[in-house]
Amino acid sequence: MPIIKFYPTDDVIGGFAPAPIPAATQVPEWFRKLSPYQSDNKSIVKGDDGDNPHSGYFLNTTAKKCMAMIDTFTTGYYFLCPVDIYFDTTDEDNIQIKWKNTQYTFILTHSEEQTGNYPLDESFCKQSFRWVPYWMTTTPPGYSTLFTQPFHRLDLPFITTPGVIDTDEMPSAGALPFNIKKGFKGIIKRGTPIAQAIPFKRESWEHEIVDNRPQEVIDKLNLISAQFTGSYKDHMWERKAYK
(Lines give C-alpha, C1' and ligand atoms only; values in the text may rest on other atoms or scores of the structure.)
Protein backbone atom coordinates (compact mmCIF):
# COMPACT_ATOMS: atom_id res chain seq x y z
CA MET A 1 0.00 0.00 0.00
CA PRO A 2 1.45 3.43 -0.95
CA ILE A 3 2.13 5.76 1.98
CA ILE A 4 1.37 9.49 1.99
CA LYS A 5 3.44 11.30 4.60
CA PHE A 6 2.65 14.54 6.41
CA TYR A 7 5.46 16.48 8.07
CA PRO A 8 5.22 19.53 10.35
CA THR A 9 6.81 22.62 8.84
CA ASP A 10 7.89 23.91 12.24
CA ASP A 11 9.50 22.09 15.18
CA VAL A 12 6.87 23.20 17.71
CA ILE A 13 3.61 23.39 15.76
CA GLY A 14 2.71 19.81 16.66
CA GLY A 15 1.57 21.19 19.97
CA PHE A 16 -1.23 23.28 18.49
CA ALA A 17 -1.73 22.64 14.76
CA PRO A 18 -3.65 19.35 14.33
CA ALA A 19 -2.18 16.90 11.85
CA PRO A 20 -4.08 15.87 8.71
CA ILE A 21 -6.60 13.07 9.28
CA PRO A 22 -8.34 10.47 7.10
CA ALA A 23 -11.46 12.13 5.69
CA ALA A 24 -13.56 9.15 6.79
CA THR A 25 -13.01 10.10 10.44
CA GLN A 26 -14.87 13.40 10.07
CA VAL A 27 -17.98 12.79 7.99
CA PRO A 28 -20.06 16.01 8.21
CA GLU A 29 -22.89 16.13 10.72
CA TRP A 30 -25.60 16.81 8.14
CA PHE A 31 -24.79 13.54 6.36
CA ARG A 32 -24.45 11.50 9.56
CA LYS A 33 -27.93 12.67 10.61
CA LEU A 34 -29.50 11.96 7.21
CA SER A 35 -31.84 8.97 7.29
CA PRO A 36 -31.26 6.25 4.63
CA TYR A 37 -35.00 6.46 3.86
CA GLN A 38 -37.33 9.37 3.23
CA SER A 39 -40.02 7.77 5.38
CA ASP A 40 -40.98 4.49 7.02
CA ASN A 41 -42.71 3.45 3.81
CA LYS A 42 -40.28 1.02 2.18
CA SER A 43 -42.74 -0.39 -0.34
CA ILE A 44 -42.06 -0.78 -4.06
CA VAL A 45 -43.87 1.81 -6.14
CA LYS A 46 -45.11 1.53 -9.71
CA GLY A 47 -42.54 2.29 -12.37
CA ASP A 48 -42.86 4.33 -15.54
CA ASP A 49 -42.56 1.52 -18.09
CA GLY A 50 -45.71 2.38 -20.02
CA ASP A 51 -48.73 0.28 -19.03
CA ASN A 52 -46.75 -2.70 -17.78
CA PRO A 53 -48.36 -3.55 -14.41
CA HIS A 54 -45.16 -5.24 -13.20
CA SER A 55 -42.90 -2.20 -13.61
CA GLY A 56 -41.67 -0.84 -10.31
CA TYR A 57 -38.76 0.83 -8.57
CA PHE A 58 -37.79 1.96 -5.10
CA LEU A 59 -38.21 5.70 -4.54
CA ASN A 60 -37.81 6.00 -0.80
CA THR A 61 -34.00 6.00 -0.42
CA THR A 62 -31.91 9.12 0.20
CA ALA A 63 -28.33 10.17 -0.53
CA LYS A 64 -27.31 8.15 2.55
CA LYS A 65 -27.58 5.06 0.30
CA CYS A 66 -25.47 6.58 -2.49
CA MET A 67 -22.04 4.94 -2.54
CA ALA A 68 -20.71 7.56 -4.95
CA MET A 69 -21.44 10.29 -2.41
CA ILE A 70 -20.14 8.21 0.49
CA ASP A 71 -16.85 7.71 -1.36
CA THR A 72 -16.37 11.48 -1.64
CA PHE A 73 -16.64 11.76 2.16
CA THR A 74 -14.14 8.95 2.79
CA THR A 75 -11.56 9.52 0.05
CA GLY A 76 -8.24 11.09 1.00
CA TYR A 77 -7.33 13.23 3.99
CA TYR A 78 -8.42 16.50 5.57
CA PHE A 79 -6.11 19.39 6.30
CA LEU A 80 -7.45 21.12 9.41
CA CYS A 81 -7.60 24.71 10.53
CA PRO A 82 -4.55 25.03 12.83
CA VAL A 83 -6.09 27.40 15.42
CA ASP A 84 -9.29 29.34 16.03
CA ILE A 85 -9.40 32.13 13.43
CA TYR A 86 -11.84 35.04 13.61
CA PHE A 87 -13.16 36.62 10.40
CA ASP A 88 -15.30 39.70 9.93
CA THR A 89 -16.20 40.36 6.29
CA THR A 90 -19.16 42.67 6.93
CA ASP A 91 -17.02 45.41 5.39
CA GLU A 92 -15.50 43.82 2.29
CA ASP A 93 -13.05 46.69 1.91
CA ASN A 94 -11.74 46.20 5.44
CA ILE A 95 -11.79 42.47 6.23
CA GLN A 96 -10.75 41.69 9.80
CA ILE A 97 -8.82 38.47 10.58
CA LYS A 98 -7.55 37.66 14.06
CA TRP A 99 -6.02 34.77 16.02
CA LYS A 100 -4.61 34.51 19.52
CA ASN A 101 -1.02 33.26 18.97
CA THR A 102 0.57 36.09 16.99
CA GLN A 103 3.95 34.34 17.05
CA TYR A 104 2.78 32.52 13.91
CA THR A 105 1.04 33.56 10.70
CA PHE A 106 -1.92 31.40 9.76
CA ILE A 107 -3.42 33.42 6.90
CA LEU A 108 -1.62 34.95 3.93
CA THR A 109 -3.08 37.05 1.11
CA HIS A 110 -3.20 36.98 -2.67
CA SER A 111 -3.30 40.22 -4.61
CA GLU A 112 -6.10 40.73 -7.15
CA GLU A 113 -3.42 40.79 -9.86
CA GLN A 114 -2.49 37.20 -8.94
CA THR A 115 -6.04 35.88 -9.26
CA GLY A 116 -7.14 38.03 -12.21
CA ASN A 117 -10.71 37.40 -13.33
CA TYR A 118 -11.03 34.08 -11.55
CA PRO A 119 -14.72 33.12 -11.84
CA LEU A 120 -15.97 33.40 -8.27
CA ASP A 121 -19.53 33.16 -6.99
CA GLU A 122 -20.88 36.56 -5.94
CA SER A 123 -21.47 35.31 -2.40
CA PHE A 124 -17.69 35.30 -1.77
CA CYS A 125 -15.36 38.22 -1.18
CA LYS A 126 -13.13 39.12 -4.10
CA GLN A 127 -10.04 39.23 -1.88
CA SER A 128 -8.24 35.88 -1.90
CA PHE A 129 -6.37 34.45 1.07
CA ARG A 130 -4.19 31.42 1.75
CA TRP A 131 -4.40 28.92 4.57
CA VAL A 132 -1.13 28.07 6.33
CA PRO A 133 -1.82 24.67 7.96
CA TYR A 134 1.84 24.09 8.98
CA TRP A 135 1.91 20.57 7.51
CA MET A 136 3.57 19.46 4.28
CA THR A 137 2.75 16.46 2.08
CA THR A 138 4.96 13.92 0.32
CA THR A 139 3.97 10.90 -1.76
CA PRO A 140 5.85 7.93 -3.28
CA PRO A 141 7.45 8.25 -6.75
CA GLY A 142 4.83 8.60 -9.48
CA TYR A 143 2.08 9.92 -7.18
CA SER A 144 0.58 13.41 -7.10
CA THR A 145 -2.00 14.98 -4.76
CA LEU A 146 -5.22 16.84 -5.52
CA PHE A 147 -5.95 19.55 -2.94
CA THR A 148 -9.53 20.83 -3.02
CA GLN A 149 -12.45 22.17 -1.01
CA PRO A 150 -13.79 19.44 1.28
CA PHE A 151 -16.47 17.71 -0.80
CA HIS A 152 -20.12 18.56 -0.07
CA ARG A 153 -19.17 21.13 2.58
CA LEU A 154 -21.18 24.07 1.28
CA ASP A 155 -22.00 24.78 4.93
CA LEU A 156 -18.47 26.10 5.47
CA PRO A 157 -18.07 29.89 5.15
CA PHE A 158 -15.18 29.61 2.67
CA ILE A 159 -14.17 27.86 -0.53
CA THR A 160 -10.66 26.48 -1.01
CA THR A 161 -9.29 26.68 -4.55
CA PRO A 162 -8.41 23.26 -6.04
CA GLY A 163 -4.94 22.43 -7.30
CA VAL A 164 -2.73 19.44 -8.17
CA ILE A 165 0.87 19.13 -6.94
CA ASP A 166 3.39 16.44 -7.84
CA THR A 167 4.10 15.77 -4.19
CA ASP A 168 6.67 13.09 -4.93
CA GLU A 169 9.00 15.82 -6.21
CA MET A 170 7.62 18.92 -4.49
CA PRO A 171 6.91 18.60 -0.75
CA SER A 172 3.78 20.72 -0.47
CA ALA A 173 3.92 23.04 2.52
CA GLY A 174 0.35 24.24 2.34
CA ALA A 175 -0.44 27.92 1.65
CA LEU A 176 -3.79 26.81 0.16
CA PRO A 177 -5.72 29.61 -1.60
CA PHE A 178 -9.29 30.31 -0.49
CA ASN A 179 -12.04 32.92 -0.47
CA ILE A 180 -14.30 33.77 2.45
CA LYS A 181 -18.04 34.43 2.25
CA LYS A 182 -19.35 37.98 2.24
CA GLY A 183 -21.01 39.09 5.47
CA PHE A 184 -19.42 36.35 7.55
CA LYS A 185 -18.60 37.29 11.12
CA GLY A 186 -17.43 34.49 13.37
CA ILE A 187 -14.78 31.97 14.28
CA ILE A 188 -13.57 29.12 12.10
CA LYS A 189 -12.69 26.65 14.80
CA ARG A 190 -9.41 24.79 15.17
CA GLY A 191 -9.86 21.36 13.57
CA THR A 192 -12.34 22.49 10.90
CA PRO A 193 -11.54 20.78 7.57
CA ILE A 194 -10.08 23.41 5.24
CA ALA A 195 -8.93 21.20 2.35
CA GLN A 196 -9.25 17.62 1.15
CA ALA A 197 -6.03 15.98 -0.08
CA ILE A 198 -6.41 13.04 -2.46
CA PRO A 199 -3.27 11.22 -3.63
CA PHE A 200 -3.38 9.56 -7.05
CA LYS A 201 -1.04 7.74 -9.39
CA ARG A 202 0.08 9.73 -12.41
CA GLU A 203 -0.70 7.94 -15.67
CA SER A 204 -0.97 9.00 -19.30
CA TRP A 205 -4.44 8.53 -20.74
CA GLU A 206 -6.02 8.45 -24.17
CA HIS A 207 -9.73 8.71 -24.89
CA GLU A 208 -11.88 6.85 -27.38
CA ILE A 209 -15.43 7.44 -28.62
CA VAL A 210 -17.16 4.09 -29.14
CA ASP A 211 -20.29 3.87 -31.31
CA ASN A 212 -21.65 0.61 -29.91
CA ARG A 213 -21.75 -0.57 -26.32
CA PRO A 214 -19.81 -3.81 -25.76
CA GLN A 215 -21.63 -6.77 -24.23
CA GLU A 216 -19.74 -6.29 -20.97
CA VAL A 217 -21.30 -2.85 -20.53
CA ILE A 218 -24.77 -4.13 -21.44
CA ASP A 219 -24.43 -6.95 -18.91
CA LYS A 220 -23.53 -4.52 -16.15
CA LEU A 221 -26.45 -2.24 -16.96
CA ASN A 222 -28.78 -5.25 -16.86
CA LEU A 223 -27.29 -6.24 -13.51
CA ILE A 224 -28.07 -2.81 -12.09
CA SER A 225 -31.69 -3.28 -13.16
CA ALA A 226 -31.85 -6.72 -11.53
CA GLN A 227 -32.23 -5.23 -8.02
CA PHE A 228 -34.48 -2.46 -6.75
CA THR A 229 -31.60 -0.92 -4.84
CA GLY A 230 -27.98 -1.63 -3.89
CA SER A 231 -26.80 -3.38 -7.05
CA TYR A 232 -23.80 -1.10 -7.51
CA LYS A 233 -22.64 -1.65 -3.92
CA ASP A 234 -23.29 -5.40 -4.02
CA HIS A 235 -21.61 -6.20 -7.36
CA MET A 236 -19.37 -3.38 -8.60
CA TRP A 237 -18.23 -1.05 -5.83
CA GLU A 238 -14.86 -1.61 -4.16
CA ARG A 239 -13.93 -0.46 -0.68
CA LYS A 240 -11.12 2.11 -0.61
CA ALA A 241 -8.69 2.54 2.25
CA TYR A 242 -7.12 5.79 3.41
CA LYS A 243 -5.51 5.15 6.80
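Further up the page is the structure itself.
Residues numbered from 1 in each chain as written. Predicted model: local features only at pLDDT ≥ 70, side-chain atom pairs only at ≥ 80, totals over all residues. Heavy atoms only, no water.

## A few points about the nonpolar core
Side chains that are nonpolar tend, in soluble globular proteins, to be buried together.
No. 1: Ranked by size, the top nonpolar core spans 33 residues in total, and within it I85 and W131 carry the most contacts.
No. 2: Elements represented by at least two residues in this core include exactly β5 (77-80), β6 (85-88), β9 (124-131), β14 (176-181) and β16 (193-201).
No. 3: Sequence-distant contacts of I85, that is, excluding residues within four places in its chain, are made with I97, K98, W99, F106, I107, W131, G186, I187 and I188. (Core = buried A, V, L, I, M, F, W, Y, C linked by side-chain atoms within 4.5 Å. Buried < 20%, exposed > 50% of the residue type's maximum accessible area, 1.4 Å probe, protein only. Helix = DSSP H or I, 4+ residues; strand = E, 2+ residues; numbered from the N terminus. Contact = heavy atoms within 4.5 Å.)

## So, the layout of surface pockets
No. 1: A volume near 510 Å³ is recorded for the largest pocket.
No. 2: K65, C66, M67, I70 and K233 are, among the 24 residues lining the largest pocket, the residues nearest its centre.
No. 3: Secondary structure elements with two or more residues in the lining of the largest pocket: α2 (67-74) and α5 (231-235).
No. 4: Classifying every residue of the lining of the largest pocket by side-chain character gives 11 nonpolar, 7 polar and 6 charged.
No. 5: When its volume is computed, the second largest pocket comes out at roughly 380 Å³.
No. 6: Along the walls of the second largest pocket sit 19 residues, with P2, Y77, P199, A241 and Y242 positioned nearest its centre.
No. 7: Elements represented by at least two residues in the lining of the second largest pocket include exactly β2 (21-22) and β16.
No. 8: Counting residues per element, the lining of the second largest pocket draws most heavily on β16, which supplies 3 residues.
No. 9: Taken together, the residues that form the lining of the second largest pocket break down as 15 nonpolar, 1 polar and 3 charged. (1 Å grid on protein atoms, 1.4 Å probe; cavity = no way out; pocket = protein on both sides within 12 Å on 5 of 7 lines; lining within 4 Å. Points joined across faces, edges and corners; volume = space filled by probe spheres on them. Nonpolar A, V, L, I, M, F, W, Y, C, P; charged D, E, K, R; others polar.)

## A few points about the environment of I107
No. 1: Tracing the chain through its elements places I107 in strand β8 (residues 107-110).
No. 2: The exposure class assigned to I107 is buried, which follows from its relative accessible area of 8%.
No. 3: Residues within four places of I107 in sequence aside, it is in contact with I85, F87, I97, W99, F129, R130, W131, V132 and F178.

## Notes on the packing of aromatic side chains
No. 1: The full count for this structure, using the stated rule, is 19 aromatic pairs.
No. 2: For the pair Y104 and Y134, a centre-to-centre distance of 5.6 Å together with 85° between the ring planes defines the contact as edge-to-face. Linking Y104 in the loop between β7 (96-98) and β8 with Y134 in the loop between β9 and β10 (135-138), this pair joins segments that are 30 residues apart in sequence.
No. 3: Judged by its relative accessible area of 9%, Y104 falls in the buried class.
No. 4: A residue is classified by how much of its surface remains accessible, and Y134, at 10% relative accessible area, is buried.
No. 5: Between F158 and F178, the ring centres sit 6.3 Å apart and the planes meet at 80°, which makes this aromatic pair edge-to-face. One end of the pair, F158, is in strand β12 (residues 158-160); the other, F178, is in strand β14, with 20 residues separating them in the sequence. (Phe/Tyr/Trp six-rings, centres within 6.5 Å; stacked < 30°, edge-to-face > 60°.)

## Points about the sheet that holds β2
No. 1: Here 5 strands make up an open sheet; going across it, the order is β2-β5-β16-β11-β13 and the pairing antiparallel. With partners counted over all chains shown, the strands left at the sheet margins are β2 and β13 (163-165), one partner each.
No. 2: In the sheet, strand β11 (residues 143-148) pairs with β13 via 3 bridges, with the strands oriented antiparallel. The residue of β13 that forms the bridge with F147 is G163. (Pairing = 2+ DSSP bridges.)

## Side note on the environment of H207
No. 1: Here H207 is to be found in the loop between β16 and α4 (215-224).
No. 2: Taking the C-alpha atoms as reference points, H207 and I107, separated by 100 residues in sequence, lie 41 Å from one another.

## Concerning unusual backbone geometry
No. 1: The phi dihedral of Y134 falls on the positive side, at around 65°, and the residue is not glycine.
No. 2: Not every positive phi belongs to a glycine, and H152 is a case in point at roughly 60°.
No. 3: With respect to the helices, strands and loops of the structure, H152 is situated in the loop between β11 and β12.
No. 4: For H152, a relative accessible area of 35% gives the class partly exposed.

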